[in-house]
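In case you want the letters, here they are:
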Amino acid sequence: MMEMFYSSVTSWLSAATSRVDLESPATWAVVGLAVLYGIRKLIKSSFNMIDTICNRTYIYNICWEDPAVDHEILKINKDDVIFRICSAGDIVLDYAIEGPSKIVICDMNQHQLWLFELKIRMLRDPQLTYDEWWAIWGSSDVTVAMKVWKRMRHTMSSGGRKWWDGRIERVFRKGFATSGSTGFAVQYLIPWLMYMVGLDIKEWAESGFSHAYISENYHVIQRSALWFRRLFPGILAPFAGVPPNQIGPEFYTTEFYEGILRAIFLDPEFGSHNYFYRFYYEKGYKDQTCCPRTLKKEYFEALVNNAGCFEWHHATVQETMERVKPHSFTKLVLLDHMDWMPNSMVHEEWVALQRASVPGAMILWRSAFTKMDDKPFFNNLDIVDLSPQWYSKDRVKTYPGTFSSYMPKDPFPFVDEELSPCQRASFVRKVKTTTKMILHPLTAGKVNAHGDKMSAFYAAQAKGYDAVRENMLVGRPEMMSGFGPIKQSGHTWLDVGGGTGRNVHYLRAQLDLFERIIVLDICPELLQIGHENARRSFTEAQCDKIRWVCLDINDKNVASVLAQHLVNQDTSRGFDTISFSYSLSMIPEWEKALQSAKSLLSVDGRVIVSDFDTYTEPGDSVKDFLIRSWYAQDGVRIEAKTRKYITETVFASPEFVVTLARFQRKLAKVSIPHYVACCRKNTETLPGTGHRRPSCQDLSKADDSNYATTISEDEKKSN
């Protein structure tokens with residue numbers, strides 16, 4: 001019976017396949033689509049594709065950044081100590097041609113480092129000739145590769161030697177351009193895609209990869225854009241090392257890909273200078289006229305002579321920074337890896353970067369995005385957007401965003417999210433506080449004054465306030481991340497609606513750097529708890545820096561009252577940071593409060609705000625109505641116009657640099673919208689020193705008196 005079944009199935013399959021024309025392009029197109037669909041399903045449902053690739057091989061066989069752009073920006077000299085993420089290692093080799101003092105690299109993918117190590121050990125082989133170097137990395141000559149490998153194999157690390165032993169012959173026999181996950185895509189997926197869009201690569205190559213050929217066959221770009229929109233986010237992205245959280249909404253539009261492809265392939269110099277894409281189309285470099293500097297004969301001697309300047313680490317960027325000697329680096333290149341990271345990880349990494357860099361060190365990074373607003377930490381930096389100047393000159397055009405900054409001398413805020421012991425509460429206390437909060441609309445008496453309303457609401461919750469609200473007011477750590485570098489000459493901070501002083505505890509490790517902290521609130525019950533918690537948590541000297549003031553920010557005498565609590569009773573200096581932590585939405589005259597805060601800022605001060613937000617941009621959806629109605633019971637006002645008033649009216653450019661991060665966090669399985677705004681006066685960080693001063697378009701008109709005084713005070717403190 002079973003034999004009859006198998007016979008029937010075999011006959012049916014034979015009959016079905018006999019009717020398929022295996023020589024028809026349409027057949028193979030259908031087969032290709034089916035395979036791609038299967039790969040996409042596998043990637044999405046079975047495993048993290050990038051992790052799987054990194055556990056088996058390297059992703060990049062060449063780097064996807066243009067070193068010519070890097071050199072123009074960095075201007076590397078012989079005194080530089082440089083840090084860069086490794087990737088394929090060819091760009092750090094390009095840096096070495098300039099003869100810097102040292103280059104430190106790291107990568108989380110061990111196989112990328114073994115690829116780099118193979119290159120650097122070959123360069124350190126005293127018998128290596130230029131012809132051998134070109135034959136291996138230019139022509140992928142397996143005979144020469146094996147000859148040199150046998151000669152220098154013993155110099156490799158144990159792990160690198162074992163890994164390459166089983167692969168080096170196969171890699172160079174098949175062609176180095178087809179190795180790694182990018183090589184896999186080039187070998188199997190790209191040829192199919194070129195067939196589908198109608199690009200005859202051989203004919204294009206015979207034209208010298210002319211941009212005119214592409215211009216005459218512009219349909220190739222249009223069709224390619226359509227296919228990339230379909231394939232890149234779900235299939236090609238992992239092979240290119242692009243994780244899901246780096247894929248923004250523009251990756252799902254045809255216009256995005258068409259713009260990039262047009263900029264690349266319609267460049268008149270594509271055929272003669274763009275070795276990045278020709279490397280993949282031609283499966284290697286055909287001659288020395290269109291190849292990296294590292295493969296050109298005139299740079300070979302410098303490359304060999306400087307091959308000893310490298311140090312490499314199998315580690316994250318933060319781990320590498322924590323290993324090296326403090327204040328080592330003068331220039332750092334971070335690629336695009338921060339796109340993948342949440343704000344908290346970016347913040348921690350930059351604290352380590354500052355420790356490992358000299359003040360005023362240059363930092364260069366790239367991004368798949370053109371703005372960095374989603375991460376409040378970047379408000380600690382005076383960022384220069386280099387994209388308008390350099391994107392058109394970048395031959396690879398992988399990253400729309402190119403940014404740089406100088407490392408400030410003043411330390412970044414160190415945000416410790418742990419509650420101080422005195423701020424914690426028992427489960428019973430939390431239940432009681434939560435119950436009082438929920439029942440307040442039903443039990444509260446009628447009062448008219450704003451201060452009385454706040455006391456009526458918070459008095460019964462004061463003791464358990466911090467513990468209960470910790471998981472509700474989740475934008476506070478994000479806001480504190482954008483606090484700004486803390487001036488070593490003495491920082492001043494006004495926390496409006498600070499109540500229990502929770503925000504002060506975030507910066508407990510750096511309180512000694514402050515000249516004065518004023519916690520301003522109209523609820524005396526919360527201020528009393530804050531004062532007691534500070535006394536239990538901080539030293540006497542630190543507590544002496546903090547003032548607890550019961551006052552309305554809109555009081556007509558606010559400036560004179562605050563002056564009484566400042567050193568020398570002088571408000572002309574202004575506050576370096578003014579914060580509104582979920583307090584702006586509870587101030588009836590909130591517009592006036594923002595104007596008041598603006599008037600109290602120092603010459604380079606900032607206002608930071610965290611609060612509840614609307615779900616939609618205009619704030620007119622059903623969900624917006626529901627959340628607005630719920631929070632209104634507690635006197636919380638949620639309106640979309642608040643964001644617009646902050647960014648476009650009170651703190652408008654060019655006087656202020658304003659960023660706005662919007663996000664949602666779950667509370668009892670319900671997503672609640674929040675926003676963090678940072679409005680800072682325009683400043684610039686100076687190279688070489690890291691000192692910050694107010695920005696001025698005409699530097700001849702800049703008032704450096706306060707700036708010079710600040711530097712002098714900093715130096716006195718350092719001494």
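Residues numbered from 1 in each chain as written. Predicted model: local features only at pLDDT ≥ 70, side-chain atom pairs only at ≥ 80, totals over all residues. Heavy atoms only, no water.

Draft legend 1. Looking closely at the pattern of salt bridges. Within this structure, the stated rule accounts for 28 salt bridges. Between Lys331 and Asp80 there is a salt bridge, with its nearest N and O atoms 2.8 Å apart. Taken together, the residues Lys331 in strand β4 (residues 329-333) and Asp80 in the loop between α4 (67-74) and β1 (81-85) connect sequence positions 251 residues apart. Residue classification places Asp80 among the buried positions, given a relative accessible area of 3%. (Salt bridge = Lys/Arg side-chain N within 4 Å of Asp/Glu carboxyl O. Helix = DSSP H or I, 4+ residues; strand = E, 2+ residues; numbered from the N terminus. Buried < 20%, exposed > 50% of the residue type's maximum accessible area, 1.4 Å probe, protein only.)

Draft legend 2. Highlighting the confidence of the model for the protein chain. Averaged over the protein chain, the pLDDT score is 87; the fraction of residues at 70 or greater is 83%. Contacts from residues 43-47, a stretch scored under 50 in pLDDT, to residues over four places away or in other chains number 8 contacts. pLDDT under 50 marks residues 697-719. Its contacts with residues more than four places away, or in other chains, come to 20 contacts. (pLDDT = per-residue confidence, 0-100. Contact = heavy atoms within 4.5 Å.)

Draft legend 3. Broad picture of the environment of Gly475. By secondary structure assignment, the location of Gly475 is in helix α25 (residues 475-481). Separated by 190 residues in sequence, Gly475 and Arg665 have C-alpha atoms that sit 9.1 Å apart. Excluding its chain neighbours within four sequence positions, the residues that come into contact with Gly475 are Tyr582, Ser610, Phe663, His674 and Val676.

Draft legend 4. Up close: the nonpolar core. Counting residues in hydrophobic clusters, the biggest one holds 133 residues, and the most contacted among them are Phe83, Trp137, Trp164, Trp350 and Trp365. If one sorts the elements of this core by residue count, helix α14 (residues 219-239) sits on top with 11 residues. Beyond its immediate stretch of four places on either side in the chain, Trp137 contacts Leu115, Leu118, Lys119, Met122, Phe172, Phe176, Tyr285 and Leu295. Judged by nonpolar contacts, the second largest core, of 31 residues, contains Phe575, Phe580, Trp590 and Ile646. (Core = buried A, V, L, I, M, F, W, Y, C linked by side-chain atoms within 4.5 Å.)

Draft legend 5. Examining a nonpolar patch on the surface more closely. Nonpolar side chains collect at one region of the surface, where Val622, Phe625 and Leu626 lie side by side and expose about 330 Å² of accessible area between them. Relative to the assigned elements, Phe625 resides in helix α31 (residues 622-632). (Patch = residues over 30% accessible without salt bridge, like charges linked within 9 Å, V, L, I, M, F, W, Y side chains within 5 Å. Areas by Shrake-Rupley, 256 points an atom, 1.4 Å probe, with all protein chains shown as cover.)

Draft legend 6. Structural context of the side chain of Ser585. Its place among the elements puts Ser585 in the loop between β11 (575-581) and α30 (590-599). On the accessibility criterion, Ser585 (5% relative accessible area) is buried. Excluding its chain neighbours within four sequence positions, the residues that come into contact with Ser585 are Asp611, Gly635, Val636 and Arg637.

Draft legend 7. Fine view of the sheet that holds strand β6 (residues 384-385). With mixed pairing, the 7 strands of this open sheet are ordered in space as β3-β2-β1-β4-β5-β7-β6. What marks the edges here is a single partner per strand, and that holds for β3 (310-314) and β6. Across the face of the sheet, α4 comes into contact with β1, β4, β5 (357-367) and β7 (401-406) while running at roughly 150° to β5. Contacts from helix α6 (residues 110-123) reach β2 (102-107) and β3, with the element oriented near 160° to β3. (Pairing = 2+ DSSP bridges. Axes fitted to C-alpha atoms, helices over the stretch in contact; angles between N-to-C directions.)

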